[in-house]
There are 2 protein chains.
Amino acid sequence: MHVKTLCLAILSMDDASGYEIKKLLEGPFSHIHEASFGAIYPALARLQEDGLVTCEERTQEKRPDKKVYSLTQKGRFELIDELSIIPGPDRIRSDFLVLMLYAHLLPPSHIAKAIEKRLEIYRGLLGELEKGEHVPVSLGEQASAEFVRGYGTAILRAALDYIEDNRHLVEGAAFLTNPTGAKPTDSEEHPAGVAAE
Amino acid sequence: MHVKTLCLAILSMDDASGYEIKKLLEGPFSHIHEASFGAIYPALARLQEDGLVTCEERTQEKRPDKKVYSLTQKGRFELIDELSIIPGPDRIRSDFLVLMLYAHLLPPSHIAKAIEKRLEIYRGLLGELEKGEHVPVSLGEQASAEFVRGYGTAILRAALDYIEDNRHLVEGAAFLTNPTGAKPTDSEEHPAGVAAE
DNA sequence: ATTAGAATATATTACTTCGATATATTGTGC
DNA sequence: GCACAATATATCGAAGTAATATATTCTAAT
C-alpha cells in the first residue's frame, strides 16, 4: 500500500493537514502503518494534482499556516479501488528482534537495557490504546475502529507477557560466545560441519 | 537498521549468498525483518568494498554460479557497533489493518475473504515456526533463536485468536455507510466501486 | 516429447520512501 | 531569559521496493 492510499484512507474520515496525518500515524495508528513526512507531503501534492483531494490553505493566528486537504468523490472511488486488493502479509522491520536473535554477541547488561526500553514502549502504547482516543463517526466506523484497537491491545499484551516470561533466555545465556570471534578454548579455522548446501 | 547490518548479522552465523539471505528473511525470519533483492545485492557489494565481508565465487555444476560472502573481523566489530544501538519501536506496515479500519467502506464478502486469507497466512507461518528449522551453532545462539521463535509464535497465536473471536465486528457491521456517499435507501448489498481482485 | 512453470542465482532500473535538516513561530519548563 | 518541545511545511541525498531481465535446471502437465 502506497502512502498516497494511506492519506486517502485517513482523509475519508475527516479533513486533515499533512502534519495531522503524520501525528495520527505516530499515535493511535502506530501499530497499523507508518510513513514519514518526506513521503506524506509529496503524496498529498500528487493527490491534489490528480484531483483526488482538494486543498484549502488556512492562515492561523497563533500557529504556522496549514494546508487542509479534503477527499473528493474521485478520491473516494480511488480509495475503494485500492482497498479492494486482498492484503498480503504485514511488512515488519524489528530492530529489537534482530538484536534479540544476536543477543549472544553483546553483554547481558545491554540486552537487559534494550528489553527494559521495549517493555516501557509497549506499556506506553498499551496505555494509549486502552484510553481509546478515537473519533468514530458512524456505527460502521466505530466497529472497525474497535476491531483494530482490540487487535493492537491483544498483540501488545501477548508481547509484554512473552518478554517478561522469557527474557532470561537472552539475558542469562548471553556472552557464551566471545564477540571478537576469538575462541576461549581452541583455535578457529573451520567451525566444524557447515554443509547446508 | 540498514540492510547492510542485517546482512552482517546473518553472515555472523554462517557464510551465505545474497539469494540465501533473502530466503532466510522470507522464511524463518519473516516476522523479524524484511529486505528486497534490490537492497541486499548492493548492500553486499558495498560491504565487500569496505572490507566488512569477503566474497568467494563458487561455480556450481547444476545451479547458477554463486557468490558466497563471509564476515571479516572488521565486519564483526561493525556488527557489534550497530547492535549496540538500543532499538526503537518496530516499524510496521500492515495493509490488513488499514483495510480492517476502513472495513465499512467495502462489502462484507470482501472483508470475509481478506480475513480468511489472513488466517491462512498466519496458520502457515505458525506451522513453519513450530516446526523450528533453525540451525543454531552455540548454546548462546540456541537460546537467542528460541526466544525469537517463541516471540513469533506467541504473537501469531494472539493474532489468530483475536481475529477468530472478533471478526464479526468488521464482517457484520460493514456497509452501514455507503462508500459513494449516496443514501443507502433500498439496496444495501450492491457495492458501487468494487474493482478487480 | 515438449512446453510451461517453479526454483536457483544475480543484477538493474524507475519509482517510492526514509531520515535528516532547514525554516519559522508559539508555548513551556527551568 | 533561554533552551526545548510542539506546530507546520518543505526539500534532498541516501536507502529501499517492486518489477523486470538474464540464464540454468528441475518438475509437472499436456
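That block above? That's the structure.
Reference entry: report on the structure contained in this document. (Residues numbered from 1 in each chain as written. Chains lettered and ligands numbered in written order. Predicted model: local features only at pLDDT ≥ 70, side-chain atom pairs only at ≥ 80, totals over all residues.)

Quick notes on the overall build of chain A
- Scanning chain A from terminus to terminus reveals 8 helices and 3 strands.
- Shown N-terminal to C-terminal, the secondary structure of chain A runs as helices and strands in the order α-α-α-β-β-α-β-α-α-α-α.
- A separation threshold of at least 6 residues defines the contact pool for chain A, and within that pool the share at least 24 residues apart is 62%. (Helix = DSSP H or I, 4+ residues; strand = E, 2+ residues; numbered from the N terminus. Contact = placed C-beta atoms within 7 Å.)

A short note on the relation of the copies chain A and chain B
- At an RMSD of 0.1 Å, chain A and chain B line up after a rotation of 180° and a shift of 0.0 Å along the axis. Both copies are brought into coincidence by an operation consistent with a two-fold rotation axis. When C-alpha positions in chain A are compared against the rotation axis, the closest is assigned to Ile92 of chain A, at 2.4 Å.
- Most of the interface of chain A is mirrored in chain B, where 93% of its interface residues again form contacts. (Least-squares fit on C-alpha atoms with pLDDT ≥ 70 in both.)

Notes on the protein's contact with DNA strand C
- Near DNA strand C there are 24 residues, and of these His2, Gly38 and Ala39 of chain A together with Ser17 and Tyr19 of chain B occur at the shortest range.
- Going through the elements one at a time, α1 (3–11) and α3 (37–49) of chain A together with α2 (18–26), α3 (37–49) and β2 (66–71) of chain B are the ones with two or more residues in the surface near DNA strand C.
- Ranked by the residues each element gives to the surface near DNA strand C, the list is headed by α3 of chain A, at 5 residues.
- The residue inventory of the surface near DNA strand C, partitioned by class, reads 11 nonpolar, 7 polar and 6 charged. (Near = placed C-beta within 6 Å. Nonpolar A, V, L, I, M, F, W, Y, C, P; charged D, E, K, R; others polar.)

Structural notes on the packing of α1 of chain A against α3 of chain A
Residues and elements named next belong to chain A.
- Axis separation between α1 and α3 bottoms out at 9 Å; the angle between their running directions is 75°. Taken as axis vectors, α1 and α3 run roughly perpendicular relative to one another. Counted together, Val3, Lys4, Cys7 and Leu8 of α1 and Ala39, Ile40, Ala43, Leu44, Arg46 and Leu47 of α3 form the full contact between these two elements. (Axes fitted to C-alpha atoms, helices over the stretch in contact; angles between N-to-C directions. Parallel < 35°, antiparallel > 145°, perpendicular 65-115°, else oblique.)

Topic: the packing of helix α1 (residues 3–11) of chain B against helix α4 (residues 73–83) of chain B
Residue and element names in this part refer to chain B.
- Their axes nearest at 9 Å, the elements α1 and α4 cross at an angle of 120°. One element, α1, and the other, α4, form an angle in the oblique class. As α1 packs across α4, the resulting crossing turns out to be left-handed. Taking contact as the criterion, the partners of Thr5, Leu8 and Ala9 in α1 are, on α4, Gly75, Glu78, Leu79 and Glu82.
- Taken together, the residues that form the contact of α1 with α4 break down as 3 nonpolar, 2 polar and 2 charged. (Left-handed = near helix turned anticlockwise from the far one by under 90°.)

Note that every value here comes from positions in space, so none of it alone points to a role or purpose.
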